[in-house]
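Residue-level structural notes
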Amino acid sequence: MLLAFIAYPIVYSFFLTFSRFTIRDVKWFAAGLDNYRGVIVDPDFLTALSFTLSYTVVWVALSMGCALLVGVLLQQVRVGSTFFRGMLFLPTVVPVTMGFLMFQWILDPANGILNYVLKEIGLGGLALNWLSDRGTVFGSMVAVTLWGFGPWILLLAGLLAIPKELYEAARVDGASPAREFLYITLPQLRPTLMVVTTLQVIAGLKIFVPIYVLTSGGPANASLSLYFLVFQKINQYKLAYATTVGWVFTAIVTAVAIATAMAFRVRRDDA
Amino acid sequence: MREGRRGQPALVITLSLLCFLTFLPFIWVVLTAVKPNSEIYALDKQILPRHPTLVHFRKVFDRGDQLPRFVLNTLVYSVVTIVAVGILSAMAGYALGLLRFRGSGLFVHLMLVLLSVPWVILMVPILMFEFRLGIWNTREGLILPYVALFLPLAIWIMRGTFLTMPRELGQAARIDGAGELRVFWRIYLPMARGGLATVVLLTFIQVWNEVLLASTLAIHPEIANINTGLRMLQDEGQAFAFGTLSAVILLAMIPTLVVFVLLQRHYVRGVSEGAFAGF
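Rules behind the numbers
- Sequence order as written defines residue numbering, which begins from 1 separately in each chain.
- Each chain is given a letter, starting from A, and each ligand a number, starting from 1, according to the order in which they appear as written.
- Local features in a predicted model are, by the rule used here, given only for residues with pLDDT of at least 70; side-chain atom pairs are given and counted only at 80 or more, and totals for whole chains, interfaces and linings are based on all residues.
- Secondary structure elements are defined from DSSP: runs of H or I of at least 4 residues count as helices, runs of E of at least 2 residues count as strands, and each element is numbered from the N terminus.
- C-alpha atoms define the radius of gyration, and 2.2 Å times the number of residues to the power 0.38 defines the globule rule.
- Each residue is classed by its C-beta neighbour count within 10 Å, where at least 20 other C-beta atoms makes it buried, 12 or fewer makes it exposed, and intermediate counts make it partly exposed; the C-beta atoms are placed from backbone geometry.
- Here, residue contact means that the backbone-derived C-beta atoms of the two residues sit within 7 Å.
- We call a set of buried Ala, Val, Leu, Ile, Met, Phe, Trp, Tyr and Cys residues a nonpolar core when their C-beta atoms link them within 7 Å.
- The domain boundaries here were taken from an automatic or database domain assignment.
- Each axis is a line fitted through C-alpha atoms, taken for helices only over the stretch in contact, and angles between the N-to-C directions span 0 to 180 degrees.
- To sort the angles, those under 35 degrees are grouped as roughly parallel, those over 145 as roughly antiparallel, those from 65 to 115 as roughly perpendicular, and the leftovers as oblique.
- Crossings are assigned a handedness: left-handed for a near helix turned anticlockwise from the far helix by less than a right angle, right-handed for a clockwise turn.
- Just so you know the grouping, Ala, Val, Leu, Ile, Met, Phe, Trp, Tyr, Cys and Pro go in nonpolar, Asp, Glu, Lys and Arg go in charged, and all remaining residues, Gly too, go in polar.
- A score from 0 to 100, pLDDT tells how confident the predictor is in each residue.

Section: the overall build of chain B
- Helix and strand counts for chain B stand at 14 helices and zero strands.
- Relative to the compact-globule value of 19 Å for 279 residues, chain B shows a C-alpha radius of gyration of 24 Å, a clear excess of over 25%.
- Along the three orthogonal principal directions, the C-alpha set of chain B runs to about 80 × 70 × 35 Å.
- A total of 279 residues make up chain B; the buried ones form 42% of that total.
- Taking the intrachain contacts of chain B between residues at least 6 apart in sequence as the baseline, contacts between residues at least 24 apart amount to 77%.

Side note on the overall build of chain A
- Each helix and strand in chain A was counted, giving 13 helices and two strands.
- The principal-axis extents of the C-alpha atoms in chain A amount to approximately 75 × 50 × 35 Å.
- Burial statistics for chain A: of 271 residues in total, 38% are counted as buried.
- Of the contacts made within chain A by residues no fewer than 6 positions apart, 65% connect residues no fewer than 24 positions apart.

Section: unusual backbone geometry
- Its identity as a non-glycine residue notwithstanding, F149 of chain A has a phi of 60°, on the positive side.
- Owing to 22 C-beta atoms within 10 Å, F149 of chain A belongs among the buried residues under this scheme.
- We note that N137 of chain B has phi near 65°; this positive angle belongs to a residue other than glycine.
- Along the chain, N137 of chain B falls in the loop between α6 (120-133) and α7 (139-163).
- Using a count of 16 C-beta atoms within 10 Å as the deciding quantity, one classes N137 of chain B as partly exposed.

Focus: the nonpolar core
- Formed by 146 residues in total, the largest nonpolar core has its most connected members in F208, V230 and V245 of chain A together with M123, A154 and I249 of chain B.
- The element that contributes the greatest number of residues to this core is α7 of chain B, accounting for 16 residues.
- Counting only domains with at least three residues in this core, you end up with domain 1 (2-57) and domain 2 (59-274) of chain B.
- Once residues lying within four places of it in the same chain are set aside, the contact partners of M123 of chain B are V230, I234, A242 and G246 of chain A together with T216 of chain B.

Considering the packing of helix α5 (residues 96-106) of chain A against helix α12 (residues 226-235) of chain B
- Orientation of α5 of chain A relative to α12 of chain B, taken along the N-to-C sense of each, is 25°, at an axis distance of 8 Å. Considering their axes alone, α5 of chain A and α12 of chain B lie roughly parallel with respect to each other. Handedness of the crossing formed by α5 of chain A with α12 of chain B: right-handed. Here V96, T97, M98 and L101 of chain A of α5 of chain A lie close against α12 of chain B, whose contacting residues are N227, L230, R231 and Q234 of chain B.

As for the interface of chain A and chain B
- Across the boundary between the two partners, chain A contributes 64 residues, which contact 62 residues of chain B.
- Residue composition of the side of chain A that touches chain B, grouped by class: 51 nonpolar, 10 polar and three charged.

Looking at the domain arrangement of chain B
Residues and elements named next belong to chain B.
- Looking at chain B, the domain boundaries give domain 1 (2-57) and domain 2 (59-274).
- Averaged C-alpha coordinates put domain 1 and domain 2 at centres separated by 34 Å.
- Tallying the contact residues gives 10 residues for domain 1 and 10 residues for domain 2.
- The set of elements that each furnish at least two residues to the side of domain 1 that touches domain 2 consists of α1 (2-33), α2 (37-40) and α3 (55-62).
- When residues of the side of domain 1 that touches domain 2 are assigned to their parent elements, the largest contribution, four residues, is made by α1.
- Among the residues forming the side of domain 1 that touches domain 2, the class breakdown is six nonpolar, three polar and one charged.

Looking at the confidence of the model for chain B
- Across chain B, the average pLDDT comes to 84, with 93% of residues at 70 or higher.
- Our summary of model confidence lists the complex with pTM equal to 0.86 and ipTM equal to 0.84.

Description of the confidence of the model for chain A
- Averaged over all residues, the pLDDT of chain A is 86; the fraction at 70 or higher stands at 96%.
- Model confidence for chain A, summarised as mean pLDDT per element, is weakest for strand β2 (residues 26-27) of chain A at 78 and strongest for helix α3 (residues 43-76) of chain A at 93.

Concerning the environment of L99 of chain B
All names here are of chain B.
- With respect to the secondary-structure elements, L99 resides in helix α4 (residues 66-99).
- Residue L99 is classed as partly exposed on the basis of its C-beta count, with 14 C-beta atoms lying within 10 Å.
- Between the alpha carbons of L99 and G170 there is a distance of 9.8 Å; along the sequence they are 71 residues apart.

What to know about the environment of K119 of chain A
- Inspection of the secondary structure puts K119 of chain A in helix α6 (residues 113-120).
- In contact with K119 of chain A, not counting residues within four places along its chain, are G124 and A127 of chain A.

Here you go:
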């Protein structure tokens, strides 16, 4: 019975994509594939798709890099590791919108601290309209969502599970920290890395909150993501469009998740 | 061994730097919140406030009960959702983990599918159902989907907790004449306290961070949650300028910070488990 709450809407929603309907009545299967055709040729959809995909690629790469760095630092440090962990964990504790609202103020072109500092140190030319310029909004989005340094908390559990004897043995053999990282940490962490990367890819594809708070998809759709597109269309009562985009999105997420998992498997076979 | 120790100062310095970077936005918001407007918008800016003031905080409360209401709404949403999800997931987890009735395997598989469904495809059906039932844009209209959508992961966690427990305990109690409810309530539930704590914290975190549903199902300012409420305040623009906004942000952080400080260990576990959630 509990499952009916979600399972039924899923089936219902899938059938809706082939129907013509308003919020009150539904003409089942009256639309055929028209909804899908309408979505695929819509320039807004293509813009959102390309933004979402490129954001995901860049953000996942950077956030995994950050997370790995922070994770390894916390794994190696012997002093104050609890303190550092608590501090670095803080961004996760703050309700999401609050974090992004802070950045709106920091990135404000006229009064924000970022542009002020840039001017002070003589880089006034770099003081831009971070959130309302087509050229910078992508970078700003990536930077803002990197606050908190990625999912290091998920990697740390895996890192701390690596047996200490491996490192001690390597040190006896005179291995450098870089070699330790390459030949012990990375191979040992591979299963964790695979799971966390997949989760990050899915999270990246679902980018919504920073857009909702900071740009509303603008300027001129330069930061329009698929999730935000659905939200926009629902608010315009274009329900058929919204549902259909939702299903296209689901197909993409599933495909990308499988591809990520396969990429890791292939690499393991090589090794 | 010596190699490891030699690296330590560098590690501590790097980590401190990263902590500082993490903290920078907070510091800036705190400094803004205590600056008078004349300094916030001055042409020659100062990092530190020259004349610290609490005027922004006073303004937040002068504007009436807006912010307290958003916090209170979110509190109501989280408490009701937590109670419902807690009870239902404990019972379902017990049934799936220890009783294992006919077809429970299928049930578990189905739940895994539900866990991985993106919420966007559910938005429109939920909206349509709520319109027909007349609960769209009401508190119940937000809490019901919350319970339904947060439940699969909670059941999954509780099932995992109950799976680790010996079934013999319950069988022994049943031979002694204990009823099914008594076995659950007196024997197994107390042992599942850890799992339940994770579920509670996880649900708390999810409700406090939820934006997508709240922004489509509860759009009236009366019932907005903390996230959509702040967004509405932000839309008011100049009337709610950066100084006041900073004060709002700081005040709005308090509830989750308190919970974090009190329940740090469970909190981290909740966040880690939450990473696997379907939304």
